[in-house]
Amino acid sequence: MKRKAHAPMNELEFRVNGMTCAHCEQALTAELLRVDAVIGADVNAASGAVVLHYGDMVERTAIEGAVSEAGFELVSWENESS
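One numbering rule holds for all chains: residues counted from 1, following each sequence as written. Where local features are concerned, this predicted model is filtered to residues with pLDDT of at least 70; where side-chain atom pairs are given and counted, the filter is 80 or more; whole-chain, interface and lining totals use all residues. The side-chain numbers reported here are obtained from all heavy atoms of the structure, hydrogens and water having been left aside.

Focus: helix 2 (residues 60-69)
If you check which residues of helix 2 are buried, you get I63, A66 and V67. Down the axis of helix 2, the sector holding all buried residues measures 100 degrees, keeping them to one side. Along helix 2, the residues that are exposed and aim more than 90 degrees away from the buried face are T61, S68 and E69. Here a helix means four or more residues in a row that DSSP labels H or I, a strand means two or more in a row labelled E, and each is numbered from the N terminus. Phi turns positive, to about 100 degrees, at G71, one or two residues after helix 2. To sort residues, take the accessible area from a 1.4 Å probe on protein chains only and compare it with the maximum for the residue type: under 20% means buried, over 50% means exposed, and anything in between is partly exposed. The arc refers to the directions leading from the helix axis to the C-beta atoms.

So, in structure tokens, the structure goes:
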């Protein structure tokens, strides 16, 4: 997992369409790490699964924007835990 810093973490899982390779994973991870409060991300191109690790609150609209900016489509929110 790529991380920005050490902090208490919450997790948010979602699915993304359009990823096909490791470069896609890296591009999406880079965009997600630009979002405030995001600490890290586990991105899997094969399954489209993303587990986002964040500190305080994270804006879902910011996550959706980061996914779109990377050139992909967020298709579903899986779960949220703290």
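Details of the pattern of salt bridges
Close approach of charged atoms allows side chains with opposite charge to pair. One speaks of a salt bridge when a side-chain nitrogen belonging to Lys or Arg is within 4 Å of a carboxyl oxygen belonging to Asp or Glu. One pass over the structure, following the stated rule, counts 2 salt bridges. E78 serves as the salt-bridge partner of R15, at 3.5 Å between the closest nitrogen and oxygen. Placement of the pair is R15 in strand 2 (residues 10-17) and E78 in strand 5 (residues 73-81), with a sequence separation of 63 residues. Accessibility expressed as a relative area gives 41% for E78, which makes it partly exposed.

Thoughts on the environment of L28
Counting through the fold element by element, L28 comes out in helix 1 (residues 22-33). Measuring from C-alpha to C-alpha, the distance between L28 and V16 comes to 9.7 Å, with 12 residues separating the pair along the chain.

Some words on the nonpolar core
What is meant by a nonpolar core is a set of buried Ala, Val, Leu, Ile, Met, Phe, Trp, Tyr and Cys residues, joined one to another through side-chain atoms within 4.5 Å. Residues F14, L28, L32, I63 and V67 are the most contacted members of the largest nonpolar core, which totals 23 residues. Only strand 2, helix 1, strand 3 (38-44), strand 4 (49-54) and helix 2 provide two or more residues apiece to this core. For this core, the leading source of residues is helix 1, giving 4 residues. Between two residues, a contact is recorded if the distance between any of their heavy atoms is within 4.5 Å. In this structure, I63 is in contact with F14, L32, V35, V38, L52, V58, L74 and W77, ignoring residues within four places of it in sequence.

Focus on the environment of S68
By secondary structure assignment, the location of S68 is in helix 2. The spatial distance from the C-alpha of S68 to the C-alpha of E31 is 9.3 Å, given a sequence separation of 37 residues.

The quantities given are spatial measurements derived from coordinates; they are silent on function.
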